[in-house]
Every structure is written in C-alpha cells, then in structure tokens.
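Tertiary structure, described
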Amino acid sequence: MLEILRDRFRARVQVSLTRAGLSLPWWGALCASAVSFVFTAVALVQRDALLPPEPIALAGLIVIAPSVIWVVTDWIMPWVRMAALITAASVLLIEPVLPDFAPLLLLVAATEAASVLRTTWGIVVVTVVGELVLVVAGIWGGLVGGPVYMVAILLGLSGGLMVRWYTRVLDAERDNRDAYREKALLAERQRIAREVHDVVGHSLSITLLHLTGARHALQQDRDVDEAIEALTEAEQVGRAAMADIRRTVGLLADTPSGSAPLPGVEDIATLVERTRVAGLAVRYTQEGDLGRVGASEGLGLYRIVQESLVNVVKHAPGANAEVRLDAGRSGVRLIVSNTLAGAVRGTAEDGSGLAGMAVRAAQLGADLSAGPQGRQWIVQVTVPGAKS
C-alpha cells in the first residue's frame, strides 16, 4: 500500500514539473523545498525571543505558501517561490543573529533561479535582489558576515547554472535517444515490409504459374495427373510462403514465433528449382565456396534473386532466365538475366521491386545495377569482402 501511494505521489510531482516546463527529477523539487523549510525553521527558532510573533508567523507562512499552492492546485510557480524566499529572508533580517540561517534562503532562491528560470535576466534579477537584501541588512540591520553570505549566493548561482547545463545535456541526450529509437523502429518496419513483399510476391507468382499449368493441363491435354501435380506444387509453395510470413512477422513480437531459420545463399538453388518447376525456363549455375557468404549477405542475395524472378514472371512471361552466383575470395557476384521479347518492361516506376533490391544492396554494402543490355535484362550485384 505504501509503495502504491509513493508511486502515485512521485508520478503526480513529476507531472506537475513537466506541466511547468521544468526538466527536473521529482526528488529535486522535494529536496529544494525541504532545504528551504529547514533553513526557515532554524532562522525562526533563532529569532523566537527577538521578534514579535507576527513577523515570525509571516515569514514562515510566506515560505510555506508556494508549497501549499503546489499541493492544492498541482501547479508549480517558480517566480512565486523565489519571491517568497526573498521576502521571507528580508522579514527575518530585520533582526539579524549570529550565526544567521536567514540569508541561506537567498542562496536557495539564487540556486533555483539559475536551475529553472528560462530567461537570463530573471536569473540576474533574483541574484541582484538577494545581494541587495544582504547589503541593506548589513548597513541598517547590523548583519555580521554579509560578504560571506554574498559569496555564498554566488556559489549557489554557480551550482544552479551547473544543474541547468546538466539538465539540458540530459534532455538533448534523451531526445537523441528517442530519435534514434524511432529511426531504428522505422528501419525495422521497412525491413519487415520488404521481407513480406518479397515472400508474398514470389509465392503468388509461382502459385499462379502452377495454376496456369494446371488449367492448361485440364483444358488442352485433359491430363488430370499433371494438373494434380501442379496444384500440389502450388499448395506446397503457399504453405512455405505462409511459414516465411509467420517467421517474418514474428520478428515484431517479443519472442520468436518459430525456430526455422530465414533463407540463405544455400537456398537459392531450391528457389530457382521451384521457379523452374512452376513453368519458368530458368537455369542456375554456382561457383566458389558458399561458406564464404555470411548469413545477412545470404539472406539479402536470396531476396534479390527472389524479386528478380518475380519480375521476370510479371514483366517478361515466356522468357528464358539464368541465375549465376560466384563466391570468390574477393567477394560475391550475383547475376540474374532474362531475355527480352519486345519492349523493355519492369522499370522502377512499375513498382517497388527494383527500389527494394537497391535498399537490400545498400544494406550489404554492395553495388547493384539493373537494366537492359542488348536483348537481355540483367540484374548484377557485387558484394565485396565476403566472409572468408
């Protein structure tokens, strides 16, 4: 129960500080109020036999009033509090004592002004007024040790300015951290969107090829077995796509949705074979040691091949395609090419495929080029410095 009350009180204090535009921890404001109460109480006790009860009560009420307003209205007014501290010190210094705690209220006022006031002139006003109060108390009231108290106010001013600087640094660091987190979240959402786009686009293209083959088998050849085989392949591709989507979307959760790894460079051969079985005339050649290719590079190359084959199916139906992968010591080179039957199609304006491939290549630090060369459309990716 006590912990709940404590948390509620702390939250309420922090909310009121934020509403007042004060970048201070909740305990900072409470400590400042507590210190001013202690100094006031000691100063009042010192003057119990020297001042009439009215000035003593007035000084105590002036110091307590801003905190009472804060508790009742949940609103912090820095100017009111500083004016109250200066006024209370002035009332108490009508009758100085030795040693005197009343001037310490001026130190608290200068420290708080330097910490929370937004304008330089406000800090100067509070400091100068506090120093003037000490000068007047020293000349007409007989305050002993006035110069020492004046130096103490300047020290409080320095401490408040230091707190102000540290607060601004912490605020800037917090803003930078929030901006970095937002940027990281955006990048992660974009990455997952690209994964889903590649998986869905490829699986739908391959599924449509199988369905087209099944329809031709039934309409033209009356071959039920061939149609069933094509439909079975389409079902397998769909199930595999659903598993890939679940793994990809599972990245958004706190815990993984499955233990199956994401595809890598070794899976490019299977990808090409599935596309060939679906009806696209595509050939795959591979040279070098695939063990040189890291997991992130392998996933990126896999997705680029996947998107390239989808583009072939969409923009160059009936074309012959080839996928060549060379994993050497100096890097990895991937080439996906297909023949062009007529006008060039599949430019970047047609969709997000080429843009997504460019982003993946940039993430890998790779060079990517895509465009027509003669009677072929060629996508070429070069990843330097692959793992050895």
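With an unreviewed UniProt entry as reference, the protein is termed histidine kinase, source organism Amycolatopsis thailandensis. Recorded in UniProt for the protein, the comment headed Catalytic activity (unreviewed entry) runs: "ATP + protein L-histidine = ADP + protein N-phospho-L-histidine."

Turning our eyes to something else, we now look at the sheet that holds strand 3 (residues 331-339). The strand order across the open sheet formed by 5 strands is 1-2-3-5-4, and the pairing between neighbours is mixed. Looking at which strands have only one partner, the edges of the open sheet turn out to be strand 1 (281-288) and strand 4 (367-373). Within the sheet, the average angular offset between the axes of one strand and its neighbour, ignoring direction, is 10°. Strand direction decides the pairing type here: strand 2 (residues 320-327) and strand 3, joined by 7 bridges, are antiparallel. Within strand 3, the position partnered with L325 by the bridge is L334.

For the structure shown, the criterion picks out 5 salt bridges. Where E112 meets R81, a salt bridge forms, and the shortest distance between an N and an O atom there is 2.8 Å. Here E112 is found in helix 5 (residues 103-116), whereas its partner R81 is found in helix 4 (residues 78-92), with 31 residues between them in sequence. A single burial state applies to E112 and to R81, both of which are buried. Linking E322 and R283 is a salt bridge whose minimum nitrogen-to-oxygen distance equals 3.1 Å. Of this pair, E322 sits in strand 2 while R283 is found in strand 1, placing the two residues 39 residues apart along the sequence. Given a relative accessible area of 16%, E322 falls into the buried group. Taking relative accessible area as the criterion, R283 reaches 51% and is therefore assigned exposed. Salt bridges here are not isolated pairs; linked through shared partners, they connect R283, E322 and R324.

A separate point is the pairing of strand 2. Of the pairings in the sheet, the one linking strand 1 to strand 2 comprises 8 bridges and is parallel in character. Note on strand 2: the bridge partner recorded for A281 is N320. Where the polypeptide runs from strand 1 across helix 10 (residues 295-315) and back to strand 2, its parallel neighbour, the crossover connection is left-handed. Turn length for the strand 2-strand 3 hairpin, with the two strands adjacent in sequence and antiparallel, is 3 residues.

For the rest of this paragraph, the subject is the packing of helix 5 against helix 6 (residues 120-140). Relative orientation of the contacting elements helix 5 and helix 6 amounts to 170°, with a least axis distance of 9 Å. Between helix 5 and helix 6, the crossing angle belongs to the class labelled roughly antiparallel. Contacts between helix 5 and helix 6 pair P103, L106, A109, A110, A113 and A114 from the former with I123, V126, T127, G130, V133 and L134 from the latter.

By secondary structure assignment, the location of R360 is in helix 11 (residues 353-364). Between the C-alpha atom of R360 and that of E297, which follows or precedes it by 63 residues, the distance is 9.3 Å.

Turning next to the environment of L161. Along the chain, the position of L161 falls in helix 7 (residues 146-221). Exposure remark for L161: the relative accessible area of 40% places this residue in the partly exposed category. Counting along the chain gives 51 residues from L161 to A110, while the straight-line C-alpha distance between them is 9.7 Å. Discounting residues that sit within four places of it in the chain, L161 has contacts with A114 and I123.

Scoring rules and cut-offs
Residues numbered from 1 in each chain as written. Predicted model: local features only at pLDDT ≥ 70, side-chain atom pairs only at ≥ 80, totals over all residues. Heavy atoms only, no water. UniProt positions renumbered as here; feature names shortened; annotations may be inferred. Pairing = 2+ DSSP bridges. Helix = DSSP H or I, 4+ residues; strand = E, 2+ residues; numbered from the N terminus. Axes fitted to C-alpha atoms, helices over the stretch in contact; angles between N-to-C directions. Salt bridge = Lys/Arg side-chain N within 4 Å of Asp/Glu carboxyl O. Buried < 20%, exposed > 50% of the residue type's maximum accessible area, 1.4 Å probe, protein only. Right-handed = clockwise from strand over helix to strand, strands pointing away. Parallel < 35°, antiparallel > 145°, perpendicular 65-115°, else oblique. Contact = heavy atoms within 4.5 Å.

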